[in-house]
Amino acid sequence: MNVLLIGSGGREHALAAKLADSPLLGTLYCAPGNPGIAASAECIVLDTGDHSSVVDFCRINAIDLVVIGPEAPLVDGLCDSLASAGIAAFGPSAAAAQLEGSKGFTKDLCARMGIPTAAYARFNNAPKAKNHIRQHGAPVVIKADGLAAGKGVTVAMTLEEALAAVDDCFEGAFGEAGAEVVVEAFLEGEEASFFCICDGKTALPLTTAQDHKRVGEGDTGPNTGGMGAYSPASVMTEALIAETMTRIIEPTMAGMAEAGTPFSGVLYAGLMLTADGPQLIEYNVRFGDPECQVIMPRLKDDLLLLLKAAADGMLSSMSVRWHDEAAATVVICAPGYPAAAEKGSAIALPKEGDLPGGVAIYHAGTAQTGDDLVANGGRVLNVTATGATVTAALETAYAAVDMVDWPEGFCRRDIGWREIAREKGGA
C-alpha cells in the first residue's frame with residue numbers, strides 16, 4: 001500500500017517509523033515531514049489546507065491510505081474531502097472532529113449521554129463568564145473552546161488567575177479558539193490518557209499513558225503541548241479501563257452515531273481518576289503528542305493493517321498486542337517555550353550506533369540548514385526509550401538526553417515521577 005502521512009512533528013516521526021516496519025507498505029510519503037521523518041519517508045511539499053491538491057497528489061501517486069497526524073486538518077474536514085474523492089483516510093469527519101475542535105460540543109455530548117465529567121458552563125463574553133466564576137469561586141478550570149495547540153487550558157487556583165484567564169481568551173491570546181469559553185469545576189485526582197482506534201461502530205482499546213503538561217519540574221509553570229510521557233500507566237488498572245469503556249467510550253460512540261456523525265480514527269480520552277471513578281477531562285481526535293511516541297514502540301502489531309482496517313470499517317475482527325516493556329519519552333525544548341521559542345540554534349545528535357539499546361530520537365521541531373540540524377519549534381526532540389519498567393526506560397532516556405549536544409535546549413528531569421514512586425512502592 002502507498003501511504004500519505006500528514007504532519008511534521010514527533011508524533012508523525014513515531015508513526016512514520018512504525019509504518020515503515022509494515023510488510024504491506026509500498027511507498028510512504030509525508031507532507032511536509034521533517035529531517036528525522038526523511039529517514040523513513042519521502043518528504044514532500046504539499047499544501048494540506050488545499051484539499052483539491054491533496055486529492056490530486058493521492059490520485060497521481062496511487063495512494064491507498066492517508067494518515068492524518070495533527071488535529072487542524074481533521075477539524076478542517078480533510079477526511080471529508082478525501083472520502084468524497086473515494087480515497088481511504090484514517091481520521092474523523094469534520095463533524096466528528098468537533099470532539100476536539102469544540103470543548104463545549106464535547107461537554108454537551110457528555111450531558112446528553114450521561115458521561116461522567118466536571119460540571120460546566122459555556123460563555124461567549126467575558127462579563128458573564130467572570131460573574132459565574134465569582135459566584136462559584138476557585139479553584140476552577142478555564143478552557144478556550146477551540147483548538148489552541150494544547151495551551152488553551154488554565155487550571156486557576158485563585159480567583160485572580162481565573163479572571164485573567166478569561167481575559168486572555170476573549171482578548172485574543174488563542175485567536176478564534178478563545179471566542180467562546182468553557183468554565184469547569186476543578187476535579188481532584190490523577191490524570192491519565194486512554195486511547196482507542198475506532199471505525200464508526202467499534203472502539204478497539206489500545207493502551208494507557210500519562211503525560212506531563214506543565215513546563216516546570218514538580219508540575220509547575222504554564223501548560224505546554226507535553227513535556228514527556230510514559231506508557232503503560234499502572235494507575236489505569238484493568239477495572240478502570242473496563243469502567244472507562246463502559247461509562248465513557250461506548251456512550252460517546254453511541255452518541256456520535258445517534259447524531260449522524262459516527263466517530264472514526266483515534267479517540268484519545270484525557271481522564272481524571274477521581275474518588276468517584278474516571279471522569280472525562282477532554283477528547284482529542286488523534287494520537288497524543290508526545291504519547292504517540294511511547295505507544296508506537298510498545299505496539300507488537302502492524303500499524304498499517306490496524307489503520308487501514310479502521311478506515312475500512314473492519315475493526316470488529318481485529319485485536320491489538322503489546323510488548324511487555326514500558327516506554328518513556330523526554331521532550332527537549334527550545335529556550336522560551338511555551339512562549340515564543342528561539343529558533344535556529346544548532347543541534348548535534350549522537351550517532352545511532354552510539355545510543356543505548358532501545359532508544360529512538362524523534363524529531364518534533366527540527367530543520368536542516370545546510371549541514372546543520374537546527375531548532376525550528378518549541379518542542380524540538382523526543383528522546384524515547386524502552387525498558388523492563390518505567391524507571392528503567394527513563395534512566396535510559398535521560399542517558400540518551402545527555403548525549404545530545406545542544407546547550408540551548410532544556411527538558412524536565414522528573415518525567416514519570418508518579419510511576420517511579422509507585423514502582424518503588426512509595427505511592
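All of these numbers come straight from a predicted model, not from anything done at the bench.

S.K.: Explain the overall build of the protein to me, please; I cannot follow it from the model alone.
M.R.: Each helix and strand in the protein was counted, giving 13 helices and 22 strands. Relative to its length of 427 residues, the protein is compact, with a C-alpha radius of gyration of 21 Å against a globular reference of 22 Å. Seen through its principal axes, the protein has C-alpha atoms that stretch 60 × 50 × 45 Å.

S.K.: How should I be thinking about the packing of aromatic side chains in this particular structure?
M.R.: Where two aromatic rings form a pair, the distance of their centres and the angle of their planes describe that pair. A full pass over the atoms with the stated rule returns two aromatic pairs. Considering the side-chain rings of Tyr29 and Phe57, the 5.2 Å spacing of their centres and the 90° angle between planes classify their relative orientation as edge-to-face. Here Tyr29, found in strand 2 (residues 28-32), pairs with Phe57, found in helix 2 (residues 51-60); they are 28 residues apart in sequence, far enough to count as distant. For the pair Tyr29 and Phe57, one class covers both residues: buried.

S.K.: In this structure, what is going on with the state of the cysteines? I would like to understand it.
M.R.: Cysteine pairs can be linked by a disulfide, which is a covalent bond between their two sulfur atoms. Under the criterion given, the structure shown has zero disulfides. No disulfide involves Cys292; its sulfur sits 12 Å from that of Cys30, the nearest cysteine.

S.K.: Explain the pairing of strand 10 (residues 190-199) to me, please; I cannot follow it from the model alone.
M.R.: For a regular strand, the rule is simple: side chains alternate between the two faces of the sheet. Of all the ten residues making up strand 10, nine are buried; the element is thus mostly covered by neighbouring parts of the structure. Relative to strand 15 (residues 264-274), strand 10 runs antiparallel, the two sharing ten bridges. Bridged to Phe195 within strand 15 is Tyr268. Pairing of strand 10 with strand 11 (residues 203-211) involves five bridges; the strand directions are antiparallel. What sits directly across from Cys198, in strand 11, is Ala203. Hairpin connection between strand 10 and strand 11: a loop of three residues separates the two successive antiparallel strands, and Gly200 in this loop has a positive phi of roughly 100°.

S.K.: Would you explain the sheet that holds strand 7 (residues 140-144) in this entry?
M.R.: One key point about sheets: their strands pair by backbone hydrogen bonds, in either a parallel or an antiparallel sense. Overall, antiparallel pairing links the four strands, which are arranged 6-9-7-8 in an open sheet. Looking at which strands have only one partner, the edges of the open sheet turn out to be strand 6 (120-123) and strand 8 (153-156). Adjacent strand axes in the sheet meet at a mean angle of 20° when their direction is disregarded. Lying on the sheet, helix 6 (residues 103-113) is in contact with strand 6, strand 7 and strand 9 (181-185); it crosses strand 6 at an angle near 140°.

S.K.: What's the story with the pattern of salt bridges in this structure? I'm lost.
M.R.: Side chains that differ in charge, positive against negative, can pair when their charged atoms come close. Going through the model one piece at a time under the given rule, you end up with 19 salt bridges. Lys107 is the salt-bridge partner of Glu184, the closest N and O atoms lying 3.1 Å from each other. Highlighted residues: Glu184 in strand 9 and Lys107 in helix 6, separated in sequence by 77 residues. Each member of the pair Glu184 and Lys107 is classed as buried.

S.K.: Sorry if this is basic, but what is going on with helix 6 here?
M.R.: Think of an α-helix as turning once every 3.6 residues; residues three or four places apart then point the same way. For helix 6, the set of buried residues is Lys103, Gly104, Thr106, Lys107, Leu109 and Cys110. Looking at the packing, one finds that the buried side of helix 6 touches helix 5 (98-101), strand 6, strand 7, strand 9, helix 9 (238-258) and strand 16 (277-284). With its phi angle positive at about 70°, Gly114 sits one or two positions after the end of helix 6.

S.K.: What's the story with the sheet that holds strand 20 (residues 366-369) in this structure? I'm lost.
M.R.: With antiparallel pairing, the three strands of this open sheet are ordered in space as 18-21-20. Each of the sheet's edge strands pairs with one partner strand only, and the pair in question is strand 18 (346-347) and strand 20. Looking at chain direction, strand 18 and strand 21 (residues 372-375) are connected through two bridges and run antiparallel. Each bridged residue has a counterpart across the sheet, and for Ile347 the counterpart in strand 21 is Leu373.

The rules behind the values
- Residues numbered from 1 in each chain as written.
- Predicted model: local features only at pLDDT ≥ 70, side-chain atom pairs only at ≥ 80, totals over all residues.
- Heavy atoms only, no water.
- Helix = DSSP H or I, 4+ residues; strand = E, 2+ residues; numbered from the N terminus.
- Rg over C-alpha atoms; globule rule 2.2 N^0.38 Å.
- Phe/Tyr/Trp six-rings, centres within 6.5 Å; stacked < 30°, edge-to-face > 60°.
- Buried < 20%, exposed > 50% of the residue type's maximum accessible area, 1.4 Å probe, protein only.
- Disulfide = S-S within 2.5 Å.
- Pairing = 2+ DSSP bridges.
- Axes fitted to C-alpha atoms, helices over the stretch in contact; angles between N-to-C directions.
- Contact = heavy atoms within 4.5 Å.
- Salt bridge = Lys/Arg side-chain N within 4 Å of Asp/Glu carboxyl O.

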